[in-house]
Amino acid sequence: LWMLPEYNMYGGWPKSGEIDVMEAVGHEAEKFFGTVHTEANNGMIGTQKGSSISKSKDEWHTFEINWEEDRIQFAVDKQIYFEYLKEDSVEVWPFDKKFHLIMNLAVGGSWGGVQGIDVSSFQGAGQIMEVDWVRVYADTNNPQPTNQPTRTPPNQAAYCGCESCNQQVW
């Protein structure tokens, strides 16, 4: 679960920022990571800022960030395990623009694939991402879930898009 800016106002990745709300890798199955990438602090130059927390992969957890004007706190099950503080430089803090959430299951890469890929993990049910819910709150002083997105994403109908249903998603 991660976040990218709606628009790259400060330039392409990582200049406009990235917030990794939750990442997991197969070779560290009982650890979950929260990370911030910016122009000054990013994985391509080994300066990303983040931390990890040990939790059972077989239990349900609540992953969250509390994003305020001067800090981003990362927590699992209400336990804060990392805090990223604002500095007076867009190279360190590009987090003054709108971001969107991305949920995906990635395999391999320079981090996840560092110890190779366990091909047997794709047999049977394969890889599964189970999500119970996702909520976005707009104001930490008076948290209320958002009712719906402010607009339909570009090039996307207001339906799920599969061949067999007409379920509205917004």
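What this report covers is the structure whose coordinates are included nearby. (Residues numbered from 1 in each chain as written. Predicted model: local features only at pLDDT ≥ 70, side-chain atom pairs only at ≥ 80, totals over all residues. Heavy atoms only, no water.)

## Overview of the overall build of the protein
(1) Moving on: Looking only at helices and strands, the protein has 1 helix and 8 strands in total.
(2) Moving on: Each helix and strand of the protein, ordered N terminal to C terminal, gives the series β-β-β-β-β-β-β-β-α.
(3) Moving on: Taken across its 170 residues, the protein has 21% of its residues classed as buried.
(4) Moving on: Within the protein, residue pairs in contact and separated by at least 24 positions form 47% of the contacts whose partners lie at least 6 positions apart.
(5) Moving on: Element-wise, carbon and sulfur atoms account for 48% of the exposed surface of the protein, whose accessible area totals about 11800 Å². (Helix = DSSP H or I, 4+ residues; strand = E, 2+ residues; numbered from the N terminus. Buried < 20%, exposed > 50% of the residue type's maximum accessible area, 1.4 Å probe, protein only. Contact = heavy atoms within 4.5 Å. Areas by Shrake-Rupley, 256 points an atom, 1.4 Å probe, with all protein chains shown as cover.)

## Quick notes on unusual backbone geometry
Generally, phi is negative for residues other than glycine and the peptide bonds are trans, each holding for most cases.
(1) Moving on: Geometrically, the link from Trp13 to Pro14 is a cis peptide bond, its omega value of 5° lying close to zero.
(2) Moving on: Tracing the backbone shows Pro14 in the loop between strand E1 (2-5) and strand E2 (18-23).
(3) Moving on: One non-glycine residue, Asp77, adopts positive backbone phi at about 50°.
(4) Moving on: Take Asp77: it is sitting in the loop between strand E6 (71-76) and strand E7 (79-85).

## Some words on the pattern of salt bridges
(1) Moving on: This model, assessed by the stated rule, comprises 5 salt bridges.
(2) Moving on: Of the charged contacts, one joins Asp70 and Arg71 as a salt bridge, the two residues approaching to 3.2 Å between their closest N and O atoms.
(3) Moving on: Measuring nitrogen to oxygen at the nearest pair gives 3.0 Å for the salt bridge that ties Arg71 to Glu83. Of this pair, Arg71 sits in strand E6 while Glu83 sits in strand E7; the two residues are 12 residues apart in sequence, bridging distant segments of the chain.
(4) Moving on: With relative accessibility at 32%, the residue Glu83 sits in the partly exposed group. (Salt bridge = Lys/Arg side-chain N within 4 Å of Asp/Glu carboxyl O.)

## Quick look at the nonpolar core
Nonpolar side chains in soluble globular proteins generally cluster together in the buried interior.
(1) Moving on: Of all hydrophobic cores here, the largest spans 17 residues; its most connected members are Ile19, Ile65, Ile72, Phe74, Tyr84 and Phe95.
(2) Moving on: Residue assignment for this core shows that the elements contributing at least two residues are E2, strand E3 (31-37), E6 and E7.
(3) Moving on: When neighbours within four sequence positions are excluded, Tyr84 is seen to be in contact with Val36, Thr38, Asn41, Lys49, Asp70, Arg71, Ile72, Val92, Trp93 and Phe95. (Core = buried A, V, L, I, M, F, W, Y, C linked by side-chain atoms within 4.5 Å.)

## Structural notes on the sheet that holds E2
(1) Moving on: Spatial strand order, E4-E3-E2-E1-E8: 5 strands in an open sheet with antiparallel pairing. The outermost strands of the open sheet, each flanked by one partner alone, are strand E4 (49-54) and strand E8 (99-102). Strand-to-strand, the axes of this sheet are offset by a mean angle of 15°, without reference to chain direction.
(2) Moving on: As paired strands, E1 and E2 are joined by 2 bridges and run antiparallel to one another. If you follow Met3 over to E2, its bridge partner there is Ile19. (Pairing = 2+ DSSP bridges. Axes fitted to C-alpha atoms, helices over the stretch in contact; angles between N-to-C directions.)

## A word on the pairing of E6
(1) Moving on: Burial analysis of E6 places 5 of its 6 residues in the buried class, which makes it a mostly covered element.
(2) Moving on: With 6 bridges joining them, strand E5 (residues 63-68) and E6 adopt antiparallel strand pairing. Directly across from Trp67, in E6, lies its bridge partner Ile72.
(3) Moving on: Hairpin remark: E5 followed by E6, antiparallel, with 2 residues in the connecting loop.

## Comments concerning the environment of Asp132
(1) Moving on: Structurally, Asp132 can be placed in the segment after helix H1 (109-112).
(2) Moving on: Separated by 72 residues in the primary sequence, Asp132 and Trp60 have C-alpha atoms spaced 8.7 Å apart.
(3) Moving on: A polar contact is formed between the side chain of Asp132 and the side chain of Trp133, at a distance of 3.5 Å. (Polar contact = N/O pair within 3.5 Å; in protein donor to acceptor, adjacent residues only side chain to side chain.)

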